[in-house]
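So you can see what is in the structure, the chains are spelled out below.
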Protein chains: 2
Amino acid sequence: MRDDVLIVTQAELQILLGLSRATNDLIESAFTALAQKDVIMPPVMSMDIPHINAEVDVKTAYIPGFDGFAIKVSPGFFDNPNLGLPSLNGLMMLLSARTGLAKAVFLDNGYLTDLRTAAAGGVAARHLAPKHVKTVGVIGTGAQARLQVEAAYHERKFEKVLVCGRNDDHARKCAKDIADKIGVPTYPVAAREELVRQSQLVITTTPSRVPLIDAEWLHPNLHITAMGSDQAGKTELDPQILPRADRFVCDRVSQCIELGELAGAIDAGAWDIERTPIELGDLVVDPSLGRQSDSEITVCDLTGTGAQDTAIANYAYDLARAKNMGTPIKSHN
Amino acid sequence: MRDDVLIVTQAELQILLGLSRATNDLIESAFTALAQKDVIMPPVMSMDIPHINAEVDVKTAYIPGFDGFAIKVSPGFFDNPNLGLPSLNGLMMLLSARTGLAKAVFLDNGYLTDLRTAAAGGVAARHLAPKHVKTVGVIGTGAQARLQVEAAYHERKFEKVLVCGRNDDHARKCAKDIADKIGVPTYPVAAREELVRQSQLVITTTPSRVPLIDAEWLHPNLHITAMGSDQAGKTELDPQILPRADRFVCDRVSQCIELGELAGAIDAGAWDIERTPIELGDLVVDPSLGRQSDSEITVCDLTGTGAQDTAIANYAYDLARAKNMGTPIKSHN
């Protein structure tokens, strides 16, 4: 048994792994496990620190069959930009599922979270986006706007990307970055309505607390992934969108009821609480639950799960060991 | 600003810090903060993994005025002894209270937890034990049996220690270790009743789920610290002991109601739920709430708080930086 703990930095992880079809596969396996296996995933531990305009979330999940389980710490310090630092950071631990001993600490500053979050969007696109997506529209101009489009590109070979954000400069920069990364013509657009009406796949990636997409803009041959809402009070979709979709899918129903678009729709009385949404993992196990025709309107609500963290942490660990990367620290006397 | 993360191992921590009156002071300051300051301490995150006879707890607390806050991961893998490994392990992180960036990862295998847990017993002894303690009795023969007696010895210069455990060999070994460590004659005893009747300070340190001390054994000039119960269902004291004590003190009432002796006494109908116990931090702020005479019977219920972790993690970090110990890892590109 190895008794050292592997410390792996963000720079090393960026060399070891990125977005790919394999990363989408990996995250798909986490959702399959959530749907099929006896996964143990306690509620998110959340500490709000209003004194300093900060919050810290801790997530974990045990998945039978994985060698380790992740514990992830995600601080959000919203005054950090004043110090020239990003608001979001964090680190992740991997503990042995056999002994509880630490196997690795990933000083990733949220990089693994970025990947596993974008890859969940990739999995949603795989099972829910129309077969032929010509145009992808992304609302928001942050890191996830770029990564979600990249993850989706491993699933659908679209020809055009539209980007819409509150700040024109940020939208232009985001469009350029996307075009540079995946080589698809990408344009900033001023109006969200135009973006939604022209796209077959729409991804919302904002921390908004007011709906950004109106139910009136829906059209056949459309999938929407809303990944911004991860806290009570956040919402990106008109609550009426959920009941009007042919299929509404959650990453994890128990979380979306508390934190996601589903929470907003229930609060607004738009969602019949007797109706249990499908989960992303159910689509993997039973494809008949996914999109059945191009004409459908589908929606996926992503809040982020500890199961994704456990999947990517195990993968990163195996890669780091195989490539002899990271700093091993002897942790036992 | 330092942008590296300091990795500190158990072996390094054992050189840097141990039990002392200063460590008791430090943990007392955590309880003072809990009583006086706007401390933020979310409920413990607890993941039971029955598949593998394991549990994992995560604790955290933000204390205004401390440079960092700890997040502590405590796995208990109860089949580990079959593999020649201890059941309890764990690691602790220290995050900057200003930016949320990781300052340190302590690969301590529970060492800092052992210290801060014992030091809480030291603080309880400071404020609640009779002024003159001749004999200390400890029930349980594990690491905390040894450490609790050591922490108490920094507060009262007792002359004799009695040890009682289910396994005679373990009790003998524990007695020898205590005598070697603090130089006080220490004897194993067979009966818990004898131990309680002869002692002025009794410490229970077991994971018991049945009471180990009978209310009939109480006598004037006695303080009991029960530190074993940290989970619903665990209990070490006859529920009738709590109402019969002149003073019943909790480390944190909101936790003891869920996890501690208080939970058991409430379940048994022995504690009037309208009566709010004193907290350990209140005694520091207002000594008139502590023991007022030798004849009193006092009881302290310790469940362990994230505030203690934050206090000791900050202290360990400052010591490690001052002594240039630990392995700094550059975590930002």
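Nothing here was measured: the structure is a model prediction, and the numbers come from that model. (Residues numbered from 1 in each chain as written. Chains lettered and ligands numbered in written order. Predicted model: local features only at pLDDT ≥ 70, side-chain atom pairs only at ≥ 80, totals over all residues. Heavy atoms only, no water.)

*Asks:* Provide a residue-level description of helix α11 (residues 306–322) of chain B, including the pertinent values.
*Replies:* All names here are of chain B. Compared with an ideal rise of 1.5 Å per residue, which puts 17 residues at 24 Å, α11 spans 24 Å between its outermost C-alpha atoms and is within 8% of the ideal. Of all 17 residues in α11, 14 are buried; the element is thus mostly enclosed. One or two steps after α11, the chain reaches N324, where phi turns positive at roughly 60°. (Helix = DSSP H or I, 4+ residues; strand = E, 2+ residues; numbered from the N terminus. Expected span 1.5 Å × (residues − 1). Buried < 20%, exposed > 50% of the residue type's maximum accessible area, 1.4 Å probe, protein only.)

*Asks:* Please set out the interface of chain B and chain A residue by residue, giving values where relevant.
*Replies:* At the junction of the two partners, chain B supplies 55 residues and chain A supplies 55 residues. Our count for the contact surface shared by chain B and chain A stands at 0 salt bridges. Counting the contacts that link chain B with chain A gives 6 residue pairs in polar contact (both at pLDDT 80 or more). Looking at side-chain class alone, the side of chain B that touches chain A contains 34 nonpolar, 16 polar and 5 charged residues. (Contact = heavy atoms within 4.5 Å. Salt bridge = Lys/Arg side-chain N within 4 Å of Asp/Glu carboxyl O. Polar contact = N/O pair within 3.5 Å; in protein donor to acceptor, adjacent residues only side chain to side chain. Nonpolar A, V, L, I, M, F, W, Y, C, P; charged D, E, K, R; others polar.)

*Asks:* So what's going on with the domain arrangement of chain A? Residues and values would help.
*Replies:* All names here are of chain A. According to the domain assignment, chain A contains domain 1 (4–113 + 307–330) and domain 2 (128–305). Each partner contributes residues to the interface: domain 1 has 17 residues there, and domain 2 has 17 residues. Of all residues in domain 1, the largest losses of buried area upon contact with domain 2 belong to L19, R21 and F31, amounting jointly to 32% of the total for that side. For the pair domain 1 and domain 2, the interface holds 1 salt bridge. (Domains from an automatic or database assignment. Buried area = accessible area lost by both parts, 1.4 Å probe.)

*Asks:* Give a detailed account of the sheet that holds strand β2 (residues 45–49) of chain B, specifying residues and quantitative values.
*Replies:* For sheets, the rule is that strands pair by backbone hydrogen bonds, running either parallel or antiparallel. Residues and elements named next belong to chain B. Spatially, the 7 strands line up as an open sheet ordered β2-β3-β4-β5-β6-β1-β15, and their pairing is mixed. Here the strands that pair on one side only, and so sit at the sheet edges, are β2 and β15 (327–330). Taken over all neighbouring pairs, the strand axes of this sheet differ in orientation by 15° on average, direction set aside. Bridging between strand β4 (residues 68–77) and strand β5 (residues 91–96) involves 6 bridges; their strand directions are antiparallel. Bridging across to β5, F69 finds its partner in L95. In the packing of α11 onto the sheet, contacts are made with β1 (4–9), β3 (54–61), β4, β5 and β6 (102–107), and the angle to β4 comes to roughly 110°. (Pairing = 2+ DSSP bridges. Axes fitted to C-alpha atoms, helices over the stretch in contact; angles between N-to-C directions.)

*Asks:* Any details on the pairing of strand β12 (residues 247–250) of chain A? Residues and values, ideally.
*Replies:* Within a regular beta strand, the side chains point alternately toward one face of the sheet and then the other, so they alternate between its two faces. Residue and element names in this part refer to chain A. Both faces of β12 are covered, namely the face carrying R247 and V249 and the face carrying F248 and C250. Taken together, the 4 bridges between β12 and strand β14 (residues 297–301) define a ladder with parallel strand orientation. Bridge pairing in β14 links F248 to V299. Both β12 and strand β13 (residues 278–279) contribute to a ladder of 2 bridges, which runs parallel. Within the sheet, the bridge partner assigned to V249 lies in β13 and is I278.

*Asks:* Go over the relation of the copies chain B and chain A with me, naming the residues and quoting the values.
*Replies:* Once chain B is rotated about the relating axis by 180° and shifted along it by 0.0 Å, it coincides with chain A to within an RMSD of 0.0 Å. Here the copies are linked by what is in effect a two-fold axis. Measuring from the rotation axis to each C-alpha of chain B, the shortest distance belongs to M45(B), at 3.0 Å. In this assembly the copies share their binding face: 100% of the residues contributing to the interface of chain B also contribute to that of chain A. (Least-squares fit on C-alpha atoms with pLDDT ≥ 70 in both.)

*Asks:* Can you break down the pairing of β4(B) residue by residue, with the values?
*Replies:* Residue and element names in this part refer to chain B. Most of β4 sits out of view: 9 of its 10 residues are buried. As judged from the 8 bridges shared by β3 and β4, these two strands associate in the antiparallel manner. Residue pairing across strands places D57 opposite S74, the latter belonging to β4.

*Asks:* Now, about the packing of aromatic side chains: what can you tell me, with residues and values included?
*Replies:* Scanning the entire structure with this criterion turns up 8 aromatic pairs over all chains. Both rings, one in F69(A) and one in F77(B), keep their centres 6.3 Å apart while their planes meet at 10°; by these two values the pair is stacked. Residue F69(A) is found in strand β4 (residues 68–77), and its partner F77(B) is found in strand β4; the two belong to separate chains. Residue F77(B) is classed as buried on the basis of its relative accessible area, which comes to 1%. What links up through ring pairs into an aromatic cluster is the set Y62(A), F69(A) and F77(B). When the ring centre of Y153(A) is taken as reference, the NZ or CZ atom of K157(A) above it lies at 4.1 Å. (Phe/Tyr/Trp six-rings, centres within 6.5 Å; stacked < 30°, edge-to-face > 60°. Lys NZ or Arg CZ within 6 Å of the ring centre and 35° of its normal.)

*Asks:* Explain the pattern of salt bridges residue by residue, including any values.
*Replies:* Applying the stated criterion across every chain yields a total of 34 salt bridges over all chains. Across the pair R321(B) and D4(B) runs a salt bridge whose closest N-O atoms are separated by 3.1 Å. Placement of the pair is R321(B) in helix α11 and D4(B) in strand β1, with a sequence separation of 317 residues. When the shortest N-O distance is used, the salt bridge between K72(B) and D309(B) registers 3.2 Å. Taken as a pair, K72(B) in strand β4 and D309(B) in helix α11 lie far apart in primary sequence, 237 residues in all. When its relative accessible area of 0% is taken as the criterion, D309(B) is described as buried. Three or more residues joined by partner-sharing salt bridges are found here, namely R21(A), D25(A), E28(A), R126(A) and E155(A).

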